[in-house]
Amino acid sequence: MAALVLGELVGNGLYDPEVGISQVIFAITIWGALIYTTEWVTQKYRRSRSLLEGSPAIVIRKGKIQRDVMKRIN
């Protein structure tokens with residue numbers, strides 16, 4: 001997810017004539033700081049992990065599809 005957003009930032013900055021290189025570098029720096037901070041917080045405080053990163057959903061258990069789980073997570 002983070003790589004997709006970073007690619008979008010760089011791509012839009014390169015092809016938009018109104019955006020300068022300094023604005024692209026600023027956006028990349030802010031995005032990098034946000035990713036770094038999120039990773040640091042989730043490593044330091046375990047309780048924040050489920051809030052910031054989510055929790056895994058098991059959709060297949062013992063060879064059977066868990067339709068209720070799939071319905072809950074869309």
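Structural data are supplied above this passage.
Here we summarise the structure given alongside this text. These figures come from a predicted structure and were not determined experimentally.

Remarks on the overall build of the protein
Then step 1. Secondary structure summary: the protein contains four helices and two strands in total.
Then step 2. Across the protein, helices and strands are ordered from the amino to the carboxyl terminus as α-α-α-β-β-α.
Then step 3. Taking 74 residues into account, the globule formula puts the C-alpha radius of gyration at 11 Å, and the protein, at 18 Å, lies well above it.
Then step 4. Dimensions of the protein, computed from C-alpha atoms along their principal axes, come out at roughly 55 × 30 × 15 Å.
Then step 5. Per-residue burial over the protein gives 7% buried out of 74 residues.
Then step 6. Accessible surface computed for the protein: about 6,800 Å², of which carbon and sulfur atoms make up 62%.
Then step 7. Taken as two groups, the 10 positive and 6 negative side-chain charges of the protein have centres that lie 24 Å from each other.

Concerning the environment of Leu34
Then step 1. By the secondary structure assignment, Leu34 is in helix 2 (residues 21–44).
Then step 2. Residue class for Leu34 comes out partly exposed when judged on its relative accessible area of 46%.

Observations concerning the packing of aromatic side chains
Then step 1. Counted by the stated rule, this structure contains one aromatic pair.
Then step 2. On the basis of an interplanar angle of 85° and a centroid distance of 6.3 Å, the ring pair of Trp40 and Tyr45 is categorised as edge-to-face.
Then step 3. Judged by relative accessible area, which is 43%, Trp40 ranks as partly exposed.
Then step 4. For Tyr45, a relative accessible area of 47% corresponds to the partly exposed category.

A short note on unusual backbone geometry
Then step 1. One non-glycine residue, Lys62, lies in positive phi territory at about 55°.
Then step 2. Residue placement: Lys62 occurs in the loop between strand 1 (60–61) and strand 2 (64–65).
Then step 3. Given the relative accessible area of 84%, Lys62 is considered exposed.
Then step 4. Positive phi outside glycine occurs at Asn74, with the angle close to 60°.
Then step 5. Position of Asn74 among the secondary structure elements: in the segment after helix 4 (67–73).
Then step 6. Under the relative-accessibility criterion, Asn74 is labelled exposed at 84%.

Here is what the cut-offs are and how they apply
- Residues numbered from 1 in each chain as written.
- Predicted model: local features only at pLDDT ≥ 70, side-chain atom pairs only at ≥ 80, totals over all residues.
- Heavy atoms only, no water.
- Helix = DSSP H or I, 4+ residues; strand = E, 2+ residues; numbered from the N terminus.
- Rg over C-alpha atoms; globule rule 2.2 N^0.38 Å.
- Buried < 20%, exposed > 50% of the residue type's maximum accessible area, 1.4 Å probe, protein only.
- Areas by Shrake-Rupley, 256 points an atom, 1.4 Å probe, with all protein chains shown as cover.
- Lys, Arg positive; Asp, Glu negative; His and termini not counted.
- Charge placed at Lys NZ, Arg CZ, Asp CG, Glu CD.
- Phe/Tyr/Trp six-rings, centres within 6.5 Å; stacked < 30°, edge-to-face > 60°.

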